Amino acid sequence: QVQLVESGGGLVQPGGSLRLSCIASGNILSINILAWYRQAPGKQRSLVATITSRGITNCADSVKGRFTISRDNAQNTVYLQMNSLKPEDTAVYYCSAYTVTGTYWGQGTQVTVSS
C-alpha cells in the first residue's frame, strides 16, 4: 500500500502563488505515476497534472503556463507550484499515486483563492 499526505493549501489572493506538497510512504517503489487532482464544490474531481517516474509531466489546459508539477524522488515528494491563481482554482486538491495494484489518494488540502 501507499500512503499520501498533502500540505501547503490555504487562502491566497487572486494573482498569488502557493506550493502544494505530497509526501508518499509505504510501497513507494510500486508508484508509476504521481498526480494532482482537484474538486470544486458541486463539481466532479478533475485531473490537474501528472508526472511519471522519469519526470515526464502533463498539465490540464486550464492550468498550463500557471501550474508546474515536479517530484523529488529522494524525498518521496511531489509538488504542485501554482502561480497566477484565479478564483476558479478554488478547490480541494488531492494527491494520487498510480501503482500496479491500484490507485491511492491523499486526504486533500483546501485551496481558496479570494480577495
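Just so it is clear, the structure is predicted and the values come from calculations on it, not from any experiment. Residue indices begin from 1 for each chain and proceed along its sequence in written order. In view of the model being predicted, local features appear only for residues whose pLDDT reaches at least 70, and side-chain atom pairs are presented and counted only at 80 or more, with totals across whole chains, interfaces and linings using the full set of residues. The side-chain quantities take in all heavy atoms of the structure and omit both hydrogens and water.

Visitor: What is the right way to read the environment of glutamine 3 from this model?
Guide: Helix numbering and strand numbering both begin at the N terminus, where a helix is a DSSP run of H or I of at least 4 residues and a strand a DSSP run of E of at least 2. You can see glutamine 3 is positioned in strand β1 (residues 2-7). Here's how the labels work: a residue is buried when its accessible area is under 20% of the maximum for its type, exposed when over 50%, partly exposed in between, all with a 1.4 Å probe on protein chains only. Judged by its relative accessible area of 34%, glutamine 3 is partly exposed. For the pair glutamine 3 and glutamine 107, spaced 104 residues apart in sequence, the C-alpha separation works out to 9.7 Å. Residues are treated as being in contact if the distance between any of their heavy atoms lies within 4.5 Å. With residues near it in sequence (within four places) discarded, glutamine 3 still touches Ile23, Ala24, Ser25 and Gly26.

Visitor: Would you take a moment to explain unusual backbone geometry for this structure?
Guide: Keep in mind that most residues, glycine aside, have a negative phi and that most peptide bonds are trans. The phi dihedral of asparagine 76 falls on the positive side, at around 55°, and the residue is not glycine. Residue placement: asparagine 76 occurs in the loop between β7 (67-72) and β8 (77-82). The class for asparagine 76 is partly exposed, based on a relative accessible area of 29%. In this structure, serine 84 is a non-glycine residue whose phi angle is positive, near 50°. The topology assignment puts serine 84 in the loop between β8 and β9 (91-99). For serine 84, a relative accessible area of 42% translates into the label partly exposed.

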